[in-house]
Amino acid sequence: LAVYVKGDRKSTALYDAKLVIEFGAAAPPPDAIFDMELTNLVVPNRVGFNTTNPITVTVTNLGPDTASGTVTLVGVDQRADTDDYLLSADFSNLLAGASTDIVLSWMTGDGPPDGLPQNVTWTATVVDEPPDTNPANDVATAQSKVVPNP
């Protein structure tokens, strides 16, 4: 820092100065608090081989904050040689007190070589981040029977 006296062209004093600017970043916002509930799982009771079928999962945000997450749906056939079905869908910005229906499509296969009916057990799970306050209501199960087409 130089100080000049009026009319004088040279500095009359010289000081060391240091400017310090402290920036305090705001604390990160707290994690959202909510309770997602998987309120309904609707699967077809009986379907034929090689058909496309809707499955509806209803998710409700019991609050108090807005929530986002993913619904996963796993269908397990009782036969060890049959592949499991895996479906999923995301949802976002679900307000406290609101529900949303997520419709997934399930394509049955050719069926087992013997053509006998097969049972599929479905397990739907809602996964959210951060985890919600009551994970006990995040899962639902249902069953479908896949039969030969008439």
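About the criteria used
Residues numbered from 1 in each chain as written. Predicted model: local features only at pLDDT ≥ 70, side-chain atom pairs only at ≥ 80, totals over all residues. Heavy atoms only, no water. Phe/Tyr/Trp six-rings, centres within 6.5 Å; stacked < 30°, edge-to-face > 60°. Helix = DSSP H or I, 4+ residues; strand = E, 2+ residues; numbered from the N terminus. Buried < 20%, exposed > 50% of the residue type's maximum accessible area, 1.4 Å probe, protein only. Contact = heavy atoms within 4.5 Å. Polar contact = N/O pair within 3.5 Å; in protein donor to acceptor, adjacent residues only side chain to side chain. Pairing = 2+ DSSP bridges. Axes fitted to C-alpha atoms, helices over the stretch in contact; angles between N-to-C directions. pLDDT = per-residue confidence, 0-100.

## Examining the packing of aromatic side chains
1) Next: This model, assessed by the stated rule, comprises three aromatic pairs.
2) Next: Between Tyr85 and Trp106 the ring centres are 5.5 Å apart and the planes differ by 80 degrees, which places this aromatic pair in the edge-to-face class. One end of the pair, Tyr85, is in strand 7 (residues 85-94); the other, Trp106, is in strand 8 (residues 99-107), with 21 residues separating them in the sequence.
3) Next: Overall, Tyr85 belongs to the buried group, its relative accessible area being 14%.
4) Next: Taking 4.8 Å as the distance between ring centres and 80 degrees as the angle between the ring planes, the aromatic pair formed by Trp106 and Trp122 counts as edge-to-face. In this pair, Trp106 is assigned in strand 8 and Trp122 in strand 9 (residues 118-128), connecting sequence segments 16 residues apart.

## Re the environment of Asp128
1) Next: Locating Asp128 in the fold gives a position in strand 9.
2) Next: Here the alpha-carbon distance between Asp128 and Asp35, two residues 93 residues apart in the chain, equals 9.5 Å.
3) Next: Residues within four places of Asp128 in sequence aside, it is in contact with Phe34, Met36, Ser68 and Gly69.
4) Next: Among the polar contacts made by the side chain of Asp128, one reaches the main-chain amide nitrogen of Asp132 at a distance of 3.1 Å.

## Regarding the sheet that holds strand 7
1) Next: Spatial strand order, 4-10-9-6-7: five strands in an open sheet with mixed pairing. Each having just a single partner strand, strand 4 (46-48) and strand 7 make up the two edges of the open sheet. Strand-to-strand, the axes of this sheet are offset by a mean angle of 25 degrees, without reference to chain direction.
2) Next: Bridge count between strand 6 (residues 67-77) and strand 7: eight bridges; the pairing is antiparallel. Across the sheet, residue Gly69 finds its bridge partner in strand 7, namely Phe91.

## Notes on the confidence of the model for the chain
1) Next: Considering every residue of the chain, the mean pLDDT works out to 84; 81% of them sit at 70 or more.
2) Next: For the chain, strand 1 (residues 2-4) is the element with the lowest average pLDDT, namely 53, and strand 5 (residues 52-64) is the one with the highest, namely 95.

## What about the sheet that holds strand 3 (residues 34-42)?
Strand pairing within a sheet occurs via backbone hydrogen bonds; the two strands may be parallel or antiparallel.
1) Next: Strand order in the open sheet formed by three strands is 3-5-8, with antiparallel pairing between adjacent strands. Among the strands making up the open sheet, the edge pair consists of strand 3 and strand 8. Adjacent strand axes in the sheet meet at a mean angle of 25 degrees when their direction is disregarded.
2) Next: Relative to strand 8, strand 5 runs antiparallel, the two being bridged by nine bridges.

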